[in-house]
Structure formats: C-alpha cells, structure tokens
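# A look at the structure
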Amino acid sequence: MRKYVVVGVLLTFLVVEGGDVLGQFTTKGIKHENKRIAGYKGTKSKFGKGKIYNAIGFSLNALNYYGDLAPSPSSFSTDLSFTKPGFGVSYTHRFGPRYSLMAQFMFATIKGSDNESADKGDLSNGIYRYQRNLSFRNQIEELSIVAIFDLFENEQTYMSRVKWTPYAYLGMAVFHHNPQAIAPATDLQGNPLTDAGNYVDLAPLGTEGQHSNLASSDANYGIQPYSLFQMAIPFGLGARFRLNDVMDLSADIGFRYTFTDYLDDVSANYVDLSQLSSPLAQAMSYRTNELPGYPTNPQASGIPGVNVQAGYGSEHPDNKRGGKKDNDIYMVTSIRLTYIIKATYHQAKFR
C-alpha cells in the first residue's frame, strides 16, 4: 500500500512538471519559428525553363514619313494628313524577367506631296517645295527583330506576370520598298503618256540621272542606282497591359532610321533632262511645269522647245532637287494584341 502511494506521488509530479516543460518548449519553439520566418528574405528566383514562354501577335500600325518631301526642311517635319495604315504579325520569345525578342513582318505605306504639304506663302522654304511639285508613295515590306526591355520585372510564370509595364525596344530591320508617283497626262513636249493617271515605279526611270551617261567630277553628279532592299534601325517606347492569363495589349511609338535617302526617290540635284532615259523619266523628274502659270521665270532646257523654271529641271550645282545629307526616316505607331502559346508552365493537378 505504501508502495502504491509513492508511485502515485511520483506520477503526479512528472505529469505536472512535464506539462510545464513541454508548454515552455512549445511556446519557445513557436516564438523562435515565427521570428525565423519573419526574418526570412528568401533566395533570388531564377528565370528557368519553366518560366520561358512565346507569344504570337497582330498589330495595326500608322506610319508617317520624314524626308525631302516634308512640309519644311526640319528633320522633325511631317504632314500628319498623310498618315497611312499598315499591319503586322509578330512572334515573341520571352527569355528573362525583363527581356524578350520579337520578330515581326509589317506591310505599310508612306506618302508625301509638295503640292499638298508645302506652304507657298513661305517665301524662304515653302515656295521652293511648292514649285518643285514632286510627290510619291512607297509600299514597304519590313522584317524586323527587336530586343524588348521591360521596366518592371516579371520573376514568375506567365500566369503571374505584371499587370502592366512600360518598355523600350531596339533592333535591326530589312525592308523592301518601291517609290512610285502618278504619271502626268503628257510629257514635257505635250505628247500624251500611255501611263497617264497611273502609279509608275520611279527607281527604273533614274529621275536623278542614275541610268544615264552623265559624268562629272562634282560629287553631286554621277550617282548610282539605289537598291530597293535596305536596312533600318527600329527603336521606340511603349507600354504593355495584361488582359487575362494569356493575352496582352501593347501600344508603342517608334522610328525606323534608314540607310537610304531614296524612300521618296528624291536626294540629289536636277540633271540635264535630255540625258534621261525616256520622256516618262523626264516628266517624272521635273514637274514644275504642271503648276498653273509656270514657268514664271523660264529657262531653256536640254529638250528642244521646252523651257523650265529657273533653278529647276536643269543641270547646275545650285539646282537642288533634294538634300542628300540626311537619310529618310519613317515613324511607326502600333497597337498590338498578343496571345501566349507553348508555355512550359503547368498548373498542379489535384486528385
């Protein structure tokens, strides 16, 4: 009996003291764990294969042209009334938290006209452009690859990408172009032209003497034919917005700095019109006589019976048809809808 009393007392002591020790251990453990979690800063997330994704896109574009047939000599001069539409299809590869590569094909048109853009009341610049009376359109087929740099990082999968981010882009492009203009009713001697009223390709005509036998030691003459395949540097800024798990909407504005001054078929000086390849080439090179009342200051040309406006349509170092110091530029404003495809991330499945 005495033995049972001793055992009971010991058990009671162990239960009471053990409970206090376990309670203290649990409380300390919880506090320690909470403190450790609160101070945990995590490890840097890597943009691994599971976060890489691709997207296809379609864009509607608006193009503006900057060149010799702009309203004024300023590099920033353009005629907004000649804003022309275009469209593009793209493929984007997302390979980093801020970085993507986008390949795009774009078809678009640019246009310019002295008659419609020049201010003939501006006697310093506008009257020259008005009297020059040149015009063009150019349909451009462009293939570009640009690197896109996001301002806001996206360290997660495409499902958790940021709601929106500004971005910048820079890249390279190759494009095919073909400057054209509407042929007048007659040539410079008054004979009807078979192409009257239709767009004709300007490059084969050599309107600045590219296909003639003209020769001169002056750097303004003896120019070579220009290529219809050219390169450009695309660059610009924009913003991208998440619409849902797999669709984004982007808007950007950018420029294409080209390595040609012949998007408008205008760059150098007038040449001796009689040396051009055909009556059509002569009529497309010099168009001042199409203006009512011109020439106001007539001067003999190399074509029998044809007078031209002094300073236009004849070979002289001061008779500038365009300015060859600056290459042409076109601006592209885009709205693009993209759809994410072939994402490697898969949501967990529960049974």
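Every value quoted in this text rests on a predicted model; they were computed, and no experiment measured them. (Residues numbered from 1 in each chain as written. Predicted model: local features only at pLDDT ≥ 70, side-chain atom pairs only at ≥ 80, totals over all residues. Heavy atoms only, no water.)

With that settled, consider the nonpolar core. The tendency in soluble globular proteins is for nonpolar side chains to be buried side by side. Among the nonpolar cores identified, the biggest contains 25 residues, and Leu-205, Leu-273, Leu-280, Met-284 and Tyr-286 are the most heavily contacted of them. The element best represented in this core is helix α4 (residues 279-285), accounting for 4 residues. The residues contacting Leu-273, other than those within four sequence positions of it, are Leu-188, Gln-282, Ser-285, Tyr-286, Ile-303, Val-308 and Gly-313. Core analysis: the second largest hydrophobic core is formed by 16 residues, Leu-63, Ile-140, Ala-173 and Leu-263 among them. (Core = buried A, V, L, I, M, F, W, Y, C linked by side-chain atoms within 4.5 Å. Buried < 20%, exposed > 50% of the residue type's maximum accessible area, 1.4 Å probe, protein only. Helix = DSSP H or I, 4+ residues; strand = E, 2+ residues; numbered from the N terminus. Contact = heavy atoms within 4.5 Å.)

Bringing the packing of aromatic side chains into the picture now. Evaluated as defined, the whole model comprises 16 aromatic pairs. Ring pairs connect the aromatic residues Tyr-128, Tyr-270, Tyr-286 and Tyr-312, which therefore count as one cluster. Sitting over the face of the ring of Tyr-199, Arg-137 holds its NZ or CZ atom 3.7 Å from the ring centroid. (Phe/Tyr/Trp six-rings, centres within 6.5 Å; stacked < 30°, edge-to-face > 60°. Lys NZ or Arg CZ within 6 Å of the ring centre and 35° of its normal.)

In this section: the pairing of strand β2 (residues 84-94). Pairing of strand β1 (residues 53-66) with β2, which is carried by 11 bridges, proceeds in the antiparallel orientation. From the neighbouring strand, Ser-59 faces β2, where its bridge partner is Gly-88. Relative to strand β3 (residues 99-113), β2 runs antiparallel, the two sharing 9 bridges. Directly across from Thr-92, in β3, lies its bridge partner Met-102. With antiparallel pairing between neighbouring strands as the criterion, β2 and β3 make up a hairpin whose turn holds 4 residues. (Pairing = 2+ DSSP bridges.)

The next subject is the pattern of salt bridges. Across all of its chains, the model carries 11 salt bridges by this definition. The salt bridge partner of Arg-287 is Glu-290, with a shortest N-O separation of 2.6 Å. Through salt bridges that share partners, Arg-94, Asp-150, Arg-161, Arg-240 and Asp-248 make up one connected network. (Salt bridge = Lys/Arg side-chain N within 4 Å of Asp/Glu carboxyl O.)

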